[in-house]
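# Remarks on the overall topology
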Amino acid sequence: MTQEIRVTNYPEVLTDRPTHYCPGCHHGTAHRLVAEAITDLGLVDKSILIGSIGCSVFIYNYLSLDAIESPHGRAPAVATGVKRARPDKIVFTYQGDGDLASIGMAEIMHCANRGENITTIFVNNTVYGMTGGQMAPTTLVGQKTTTCPGGRCRENEGMPIRMTEIIASLGGVAYAERVAVNNVKNIMKAKKAVTKAFEYQTKELGFSFVEILATCPTNWHMTPLQANKRVETEMIPYFPLGNFKDVLAKEEK
Amino acid sequence: MPSRVEFREDRCKGCLLCTEVCPTGIIQQSSRFNQKGYKVVEITPEAMKECKGCAFCAMMCPDFCINVFTTKQAKGGKK
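All of the points below concern the structure found in this document. Note that this is a predicted model, so its numbers are computed, not measured. (Residues numbered from 1 in each chain as written. Chains lettered and ligands numbered in written order. Predicted model: local features only at pLDDT ≥ 70, side-chain atom pairs only at ≥ 80, totals over all residues. Heavy atoms only, no water.)

Attention now moves to the packing of helix α3 (residues 75-85) of chain A against helix α5 (residues 105-114) of chain A. Residues and elements named next belong to chain A. Contact geometry of α3 with α5 gives a least axis separation of 8 Å together with a crossing angle of 35°. Two secondary-structure elements touch here, α3 through P76, A77, T80 and R84 and α5 through E107, I108, C111 and R114. Among the residues forming the contact of α3 with α5, the class breakdown is 4 nonpolar, 1 polar and 3 charged. (Axes fitted to C-alpha atoms, helices over the stretch in contact; angles between N-to-C directions. Helix = DSSP H or I, 4+ residues; strand = E, 2+ residues; numbered from the N terminus. Contact = heavy atoms within 4.5 Å. Nonpolar A, V, L, I, M, F, W, Y, C, P; charged D, E, K, R; others polar.)

Here you go:
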């Protein structure tokens, strides 16, 4: 006798609502990873989401968690206040690269340096997505955007910022890892990293940071499949995947 | 073991990320449009027999529109 079972189990935190993202955008996958991690760790009732400005501004529509929308780049500052007022809650921010690496650089650096016990999910798609594809600090050299139509030039605009490496070098950081979601193997690794970041917060070890390399097919002027390939061929060579800081791993050695 | 994939066609945005990760390569773009104007993906009934139920497509889908079902032997049963 056989019975049919369902292989896919979408967590309840993920609301049953169509997303506003463009076809092939990796934000949806990143939302699902966060939802799965929170559900797996049993943190649904005590999580507080700090949203940011960017394409992910409507994340509170897709995750049924208590949420605060913060001004552009200031999510780590808002999260600091929330965590200090309610240390029993799990506080996390979900930010894009224009938000975190450009206008919010001061907030994230000092938040990480103070070792605030929060988690930051950083989605890096090398461009300002929501405002129409302007150059971001993480835009790769040679990449064409609306504000560098000839391609980013090293002499004028400098090199792209590798955020995870910078964050990992700060004192208060417990966990820093860069992952991608361009294929199934990387998605599995990304899920482990996101889960670990939340786990470190529950253990009160300090600041945890996960950078997710994502695509923006619309502003890269590519099809979703071409954009997915670009992550592999252009982004991962400059933004290497892997763990850059893990306080527990050091203790084991 | 036959498996089955269901697409929520109203949610599909036709990004085709699922077609590339499918190890058997049975997912194709159909000629149908959904309400939003995207060409949705499909698996023909004949091709569905090759589905292994790995759910890679569901893992890759950024719009949560794929559900995968598989059949499992009940405990103690031989067939």
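Don't stop here, the text continues.
On to the sheet that holds strand β8 (residues 242-246) of chain A. All names here are of chain A. Read from one edge of the open sheet, 7 strands run β3-β2-β4-β5-β7-β6-β8, paired in mixed fashion. Each of the sheet's edge strands pairs with one partner strand only, and the pair in question is β3 (66-69) and β8. Looking at each pair of strands side by side, their axes are set apart by 15° on average, direction ignored. As paired strands, strand β5 (residues 119-124) and strand β7 (residues 207-213) are joined by 6 bridges and run parallel to one another. By the bridge assignment, I121 is partnered in β7 with V210. (Pairing = 2+ DSSP bridges.)

Another aspect to go through is the side chain of A:K89. Residues and elements named next belong to chain A. Within the secondary structure layout, K89 lies in the loop between α3 and β4 (90-96). It turns out K89 is buried and unbridged, and the closest side chain with the opposite charge, D88, is 4.7 Å from it. Leave out the neighbours within four places in its chain, and K89 touches D45, K46, I48, K83 and Q201. (Buried < 20%, exposed > 50% of the residue type's maximum accessible area, 1.4 Å probe, protein only. Lys, Arg positive; Asp, Glu negative; His and termini not counted. Salt bridge = Lys/Arg side-chain N within 4 Å of Asp/Glu carboxyl O.)

Across the boundary between the two partners, chain B contributes 32 residues, which contact 34 residues of chain A. Taken together, both faces of the contact between chain B and chain A bury some 2900 Å²; the carbon and sulfur share is 60%. Along the contact surface separating chain B from chain A lie 4 salt bridges. With a shortest N-O distance of 3.0 Å, B:R8 and A:D16 are connected by a salt bridge. Scanning the region where chain B abuts chain A turns up 14 residue pairs in polar contact (both at pLDDT 80 or more). Of all the secondary-structure elements, those providing two or more residues to the side of chain B that touches chain A are α1 (17-21), α3 (56-60) and β4 (66-73) of chain B. Among the elements that make up the side of chain B that touches chain A, the one with the highest residue count is β4(B) (8 residues). (Buried area = accessible area lost by both parts, 1.4 Å probe. Polar contact = N/O pair within 3.5 Å; in protein donor to acceptor, adjacent residues only side chain to side chain.)

Here we come to the side chain of B:K13. By secondary structure assignment, the location of B:K13 is in the loop between β1 (3-7) and α1. Ignoring anything within four residues of it in the chain, the contact list for B:K13 reads A:T19, A:H20, A:Y21, A:C22, A:P23, B:Y38 and B:D63.

What follows covers the environment of B:I66. Examined against the element boundaries, B:I66 turns out to sit in strand β4. Note: C-alpha distance between B:I66 and B:F7 (59 residues apart in sequence) is 4.8 Å. When residues no more than four places from it in sequence are discounted, the contact partners of B:I66 are A:T8, A:Y10, B:V5, B:E6, B:F7, B:C18, B:C57, B:A58 and B:C61.

Among the nonpolar cores identified, the biggest contains 39 residues, and A:V34, A:L63, A:F92, A:Y94, A:I121, A:F198 and A:V210 are the most heavily contacted of them. For this core, the secondary-structure elements that each account for two or more residues are α1 (27-40), β4, β5, β6 (173-180), α8 (184-202) and β7 of chain A together with α1 and α3 of chain B. At 8 residues, the largest contribution of residues to this core is made by α8(A). Dropping the residues within four chain positions of it, A:V210 is found in contact with A:T120, A:I121, A:F122, A:Y175, A:E177, A:V179, A:A193, A:V194 and A:A197. (Core = buried A, V, L, I, M, F, W, Y, C linked by side-chain atoms within 4.5 Å.)

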